[in-house]
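Structure at a glance
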Amino acid sequence: MPAPRIEHVNVTVTDPDRAARLMEALFDWKVRWRGPARDGGHTIHVGSADHYIALYTGRDVAYTDDDFAKGRPLNHIGVEVDDLDDVEARCVAAGLRPFNHGDYDPGRRFYFFDPDGIEYEVISYR
């Protein structure tokens, strides 16, 4: 059997279209699929040919800040990139605030929160 790998992560967001545009701008990902989801909701799959993030929102749901509290239950989504400096510049251009930069063996990293407060870790091993 080939080694298992994570094919996708499904997260709830307030606005899948906004979240998908951000992922396209930061990581050059593409929308793979969009359509109806459970309970009358809507989902957009954005990523590469090998993996994606499913961005889900429910129908007629009024999310609160508490729905997106850090670490509840997701701590962060890690995204590996080749050019960390380029992605950080894209984050700043998108109005995001990178933080918690770190250089360690074997790579470098930083974090940012998206508009819903979902934390991402961006890491490069180059």
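Predicted, not measured: the structure shown is a model, and the values here were computed from it. Note that residues are indexed from 1 along each chain, following the sequence as it is written. Two thresholds apply to this predicted model, a pLDDT of at least 70 for residue-level local features and 80 or more for giving and counting side-chain atom pairs, whereas whole-chain, interface and lining totals are computed over all residues. As a convention, hydrogens and water are excluded, and side-chain values are obtained from all of the structure's heavy atoms.

**Remarks on the environment of Leu84**
Heads up, the condition is: Only DSSP runs of H or I covering at least 4 residues are called helices, and only runs of E covering at least 2 are called strands; the numbering of each starts at the N terminus. Contacts were defined at the residue level, with two residues in contact if any of their heavy atoms lie within 4.5 Å.
Along the chain, Leu84 turns up in helix H2 (residues 84-93). The spacing of Leu84 and Tyr120 is 36 residues in sequence and 13 Å in space, taken between C-alpha atoms. In this structure, Leu84 is in contact with Arg108, Arg109, Phe110, Val122, Ile123 and Ser124, ignoring residues within four places of it in sequence.

**A short note on the pairing of strand E3 (residues 42-47)**
Spelled out, the test is: Remark: exposure states derive from per-residue accessible area (1.4 Å probe, protein chains only) relative to the maximum for the residue type, with buried under 20%, exposed over 50%, and partly exposed in between. Being paired, for any two strands, means DSSP has found at least two bridges between them.
Burial runs high along E3: five of the six residues are buried. One ladder, built from six bridges, connects strand E2 (residues 30-36) with E3; its direction is antiparallel. The residue bridging Val31 from the neighbouring strand is Val46, located in E3. Counted between consecutive antiparallel strands, the loop separating E2 from E3 contains five residues, among which Asp39 sits at a positive phi close to 55°. Relative to strand E4 (residues 52-57), E3 is paired through six bridges, and the arrangement is antiparallel. Within E4, the residue paired with His45 across the bridge is Ala54.

**Observations regarding the packing of aromatic side chains**
Aromatic rings in a pair are described by how distant their centres are and how their planes are angled relative to each other. The condition is simple: Between the rings of Phe, Tyr and Trp (Trp by its six-membered ring), a pair exists once the centres lie within 6.5 Å; its type follows the angle of the planes, with under 30 degrees stacked, over 60 edge-to-face, and the other angles tilted.
Tallying each qualifying case throughout the model produces five aromatic pairs. Pairing Phe27 with Trp29 gives two aromatic rings, centres 4.9 Å apart and planes at 40°, and the pair type is tilted. Like Phe27, the residue Trp29 is buried in the burial classification.

**Points about the pattern of salt bridges**
Between side chains of opposite charge, a pair can form when the charged atoms approach closely. The criterion, for reference: Here a salt bridge means any side-chain nitrogen of Lys or Arg lying within 4 Å of a carboxyl oxygen belonging to Asp or Glu.
A complete count under the given rule lists 10 salt bridges for this structure. Residue Asp116 is joined to Arg18 by a salt bridge in which the shortest nitrogen-to-oxygen separation is 3.2 Å. With a gap of 98 residues between them, Asp116 in the loop between strand E7 (107-113) and strand E8 (119-124) and Arg18 in helix H1 (residues 16-27) connect regions that are remote in the sequence. A relative accessible area of 31% means that Arg18 is categorised as partly exposed. Connected via shared salt-bridge partners are Asp28, Asp86 and Arg90.

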